[in-house]
Amino acid sequence: MKDGFICVAAGTPKIRVADCRFNAEQIFTMMREADKQGVKILALPELCLTGYTCGDLFLQDALLDGAAEGLRTILEATRHLEVLTALGMPVRAGGKLFNCAVVIQKGRVLAIVPKTFLPNYGEFYEMRWFQSGADCGEEPELLDGVLASAGCGVGQCVIDCPAVPGLKVGVEICEDLWASDPPSRRLAEAGATVILNLSASNEVVGKAAYRRQLVAGQSGRLCCGYVYADAGEGESTTDLVFTGHNMIAENGAMLAEHRFAAGLTIAGIDVQRLTGERRRLTPFPVSGAGAGMYRCKAEFTPCLTKIRRYVSPTPFIPENAADRAGRCEEILTIAALGLKKRLEHTGARAAVVGLSGGLDSTLALLITALAMGMLHRPASDVVAITMPCFGTTDRTKNNAVLLAGRMGATLRTIPIGDAVRGHFRDIGHDPDRRDVTYENAQARERTQVLMDVANELGGLVVGTGDLSELALGWATYNGDHMSMYSVNASIPKTLVRHLVDYVARDNLEKDEELTHVLEDILDTPVSPELLPAVQGQITQRTEDLVGPYELHDFFLYYVIRWGFGPQKILRLAETAFHRTYSREVILKWLKIFYRRFFVQQFKRSCLPDGPKVGSVALSPRGDWRMPSDAVARLWLEELEE
């Protein structure tokens, strides 16, 4: 349960219709198995203690008494189990019968939740036997008054779990989810972060896909975890077949799903992630929500919950090839549309790009060419300028020249070595001292050239810096940090690589020479090329200095998108990169990430405009508002622990 993770399960026990004793044994056996596997919250199907398909047997006292006795057996058999369980059974109250979820823990009934929206069509004719929960106003006649002495509540309820900050559990039943205004909406407004649905939904062609959309959609709409337990093996097949379609979703994403067999479907829900997202974007009312709703508590022993979800080492990049291609196409189009608008609005006669032969400037050129095409303007209106200096290698220079040629851009080569040496003389800097002045003077000279050429042509300078560099402050202030429109500003380095690779593969049949040069650029080490080469080879490798970009992009995603703390990010990174980096290496670069992220905020406070393409961006005008003098002490101290 540390870091907000809670293990949940949807279970489908094997049952026999109307055999409450057998069903009770199956239920408490499944509860014990769930407990062994570390499950803390378990949802079981609708009316699983009797069987959903009992029909008019629900009007027989023998069945109802058998269900009550079955519940007594379950409570006795699980009195030492901590797993919070919601099981389905019929409950009598006020001379009527209700289809209910009974929530139990450690041998006690915590709450009884009656179904609100009863189906009254086709094969589902529940109104023949049951009353809507909206009409349930009396104490249930169950277990000879044991419930009353236990302080059990009846009706919609929210179950608080103090051991896991933010964890609150609500319950609805089957068709409640299908309603135009499901109970889960009010439960979420009252604070429920995990919703359990006890269901008995039969199988017909196409229905599973619809159920999946409902469950995933509701979890996203309510920003909650949603555990859907479906009836399955053992129900009557007189007219219907039930397949145990169990699902666990979180904030729109399906974490686990299982069909066609009894058993447990287990996943870990991140409550901290949900509460953080609600705090950031919540549309839910905060005053008066849940008025009149019953509340109770479930007690858990704090423990370290195993991370039961796949943690991608590349959170910005879909791992499915088709999804990845679609994402790349969408990002290129969004970025190009942003630049297209800026070119139109300013009346720019040219778009000027500093082309180094590296990944970032390559992507900027590709996006700029795409924007020119959208404007139905010739590619020659893109002016690519390569500015060789002390660290430029033949490989990167030649690739820049070849790339500009294949794209049809106007190429200008402007060596800046003499200008930088003159500047060194002006400020009295010894060119043999290879310090930050030596490096940044080159970057600022390049920016001056780009700006002046843009003025000369009546154009604008297209920036090449990416999101990862902005996060780490790996940019020269008023050098490559500055442009007139920065198309890569919200694209992290790992994604830059995939975008260039996508264009390379997409152009395989259209332009093999373009594909060849792009592949060589992809194979070139990431470097600012500000220190002299040795025997024609790059000596300054960025990742040797600031750390692996795949790690920094991982950190960036969880710091900005989800607001997670350092210890949780370290734990997630260990899960994602356990085969690549040791804990010590991850910790080293995570500390460097926090130090650089805080100290370098002043560079982000005055960024040029640029298009937002994803959920993580650092624009000071809306996406990330942070004082330049903020101190990283709290975050670093947490890591030191």
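Residues numbered from 1 in each chain as written. Predicted model: local features only at pLDDT ≥ 70, side-chain atom pairs only at ≥ 80, totals over all residues. Heavy atoms only, no water.

Caption draft 1: Representation of the environment of Asp 65. Among the structural elements, Asp 65 can be located in helix H2 (residues 61-77). The spatial distance from the C-alpha of Asp 65 to the C-alpha of Val 449 is 88 Å, given a sequence separation of 384 residues. (Helix = DSSP H or I, 4+ residues; strand = E, 2+ residues; numbered from the N terminus.)

Caption draft 2: Spatial organisation of helix H6 (residues 271-281). Regarding H6, the residues found buried are Val 271, Arg 273, Leu 274, Gly 276, Glu 277 and Arg 278. N-cap assignment for H6: the residue whose side-chain oxygen lies 3.2 Å from the backbone N of Gln 272 is Asp 270. (Buried < 20%, exposed > 50% of the residue type's maximum accessible area, 1.4 Å probe, protein only. Polar contact = N/O pair within 3.5 Å; in protein donor to acceptor, adjacent residues only side chain to side chain.)

Caption draft 3: Focus on the sheet that holds strand E14 (residues 253-258). Spatially, the 7 strands line up as an open sheet ordered E14-E13-E12-E11-E10-E9-E16, and their pairing is mixed. A single partner strand is all that each edge strand has here, and the edge strands are E14 and strand E16 (294-297). Direction aside, neighbouring strands of the sheet carry axes that sit 20 degrees apart on average. Relative to strand E11 (residues 194-199), strand E10 (residues 168-173) is paired through 5 bridges, and the arrangement is parallel. Counterpart to Val 171 in the pairing with E11 is Leu 196. Its contacts with the sheet put helix H5 (residues 207-221) on strand E12 (225-230), strand E13 (246-250) and E14, and the angle it makes with E13 is roughly 30 degrees. (Pairing = 2+ DSSP bridges. Axes fitted to C-alpha atoms, helices over the stretch in contact; angles between N-to-C directions. Contact = heavy atoms within 4.5 Å.)

Caption draft 4: Local environment of the side chain of Lys 115. The residue Lys 115 is located in the loop between strand E5 (108-114) and strand E6 (120-121) in this model. Overall, Lys 115 belongs to the buried group, its relative accessible area being 1%. A distance of 2.5 Å separates the side chain of Lys 115 from the side chain of Glu 175, its partner in a polar contact. Among residues more than four places away in sequence, those in contact with Lys 115 are Glu 46, Asn 99, Glu 126, Gln 131, Ser 132, Gly 133, Ile 173, Cys 174, Glu 175 and Asp 176.

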